[in-house]
Amino acid sequence: LKFVIRQCNLPNLQIDLSIARGLDYYTGTVYETILNEYPQIGSVCSGGRYDNLAGAYTNSKLPGVGISIGLTRLFDQLKNLELLHFHKSSPVKILIISITKKANSMSHELAEFLRNNSISTEIYIDNNLNKAMKYAHKTNIPYVAIIGENEISQNKYAIKQMSTGEQKTLDKRELLNIL
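Residues numbered from 1 in each chain as written. Predicted model: local features only at pLDDT ≥ 70, side-chain atom pairs only at ≥ 80, totals over all residues. Heavy atoms only, no water.

### Focus on the sheet that holds strand β7 (residues 121-124)
Test applied: Two strands make a pair as long as DSSP finds a minimum of two bridges between them. Numbering of helices and strands runs from the N terminus, with a helix taken as a DSSP run of H or I at least four residues long and a strand as a DSSP run of E at least two residues long. Only the stretch in contact is used when fitting a helix axis, every axis being a line fitted to C-alpha atoms; angles between N-to-C directions are given from 0 to 180 degrees. In this analysis, two residues are considered to be in contact whenever any of their non-hydrogen atoms come within 4.5 Å of each other.
One open sheet holds the 5 strands; their spatial order is β7-β6-β8-β9-β10, and the pairing between them is mixed. Where the open sheet ends on each side, the last strands, each with one partner, are β7 and β10 (167-170). Averaged over all neighbouring strand pairs, the angle between strand axes comes to 25 degrees, with direction disregarded. Relative to β10, strand β9 (residues 157-161) runs antiparallel, the two being bridged by 4 bridges. Looking at the pairing, K160 lines up with Q167 of β10. Against the sheet, helix α2 (residues 104-116) engages β6 (94-98), β7, β8 (143-147) and β9, with an angle of about 170 degrees to β7. Set on the sheet, helix α3 (residues 129-138) makes contact with β6, β7, β8 and β9; between it and β6 the angle comes to about 175 degrees.

Rendered as structure tokens:
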């Protein structure tokens, strides 16, 4: 049984006496909100009246009304309907990878230089290039700086742009200009 309330100038408000939720604590009116254009999502906001829910936590009788919004459920459904588009991005601009333990101090020097120039930088601790590249890809870090034996001898860095795969060997200043 549904009643549409038009007297209150709320044409989208309906009364549905068949809704029942939370029978163990709701004691009066319950509320459910749906998106009219997407009823398949179901309720995105619900709640109601409860006379003594807080009584489990206090000796006082505290009646109340409350609602909850299922943000995770709502965003998941809106994403599935392609109504929301999420662009993954990382706050980290560059990941520094030492592929040999000898390069660790050079990695820390580069990180300090970049951070002092307001470039968000992360150092990959493990000396495993494959794992580090997978991590950079998974976390959407746009650049990696690879430091190995050749880079140590040249005092330069192999810089790879993750989106294009393009790789260059640069010194600190050249790298700063790219970032």
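Further notes follow.
### Details of the pattern of salt bridges
This is how the line gets drawn: In what follows, salt bridge is the name for a side-chain nitrogen of Lys or Arg lying within 4 Å of a carboxyl oxygen of Asp or Glu. Any residue under 20% of the maximum accessible area for its type is buried, any over 50% is exposed, and the rest in between are partly exposed; the area is computed with a 1.4 Å probe on protein chains only.
A complete count under the given rule lists 4 salt bridges for this structure. Between E149 and K102 there is a salt bridge whose closest N-O contact spans 3.6 Å. With E149 in helix α4 (residues 149-154) and K102 in the loop between β6 and α2, this pair connects stretches of sequence that are 47 residues apart. Here E149 falls in the partly exposed class, since its relative accessible area comes to 44%.

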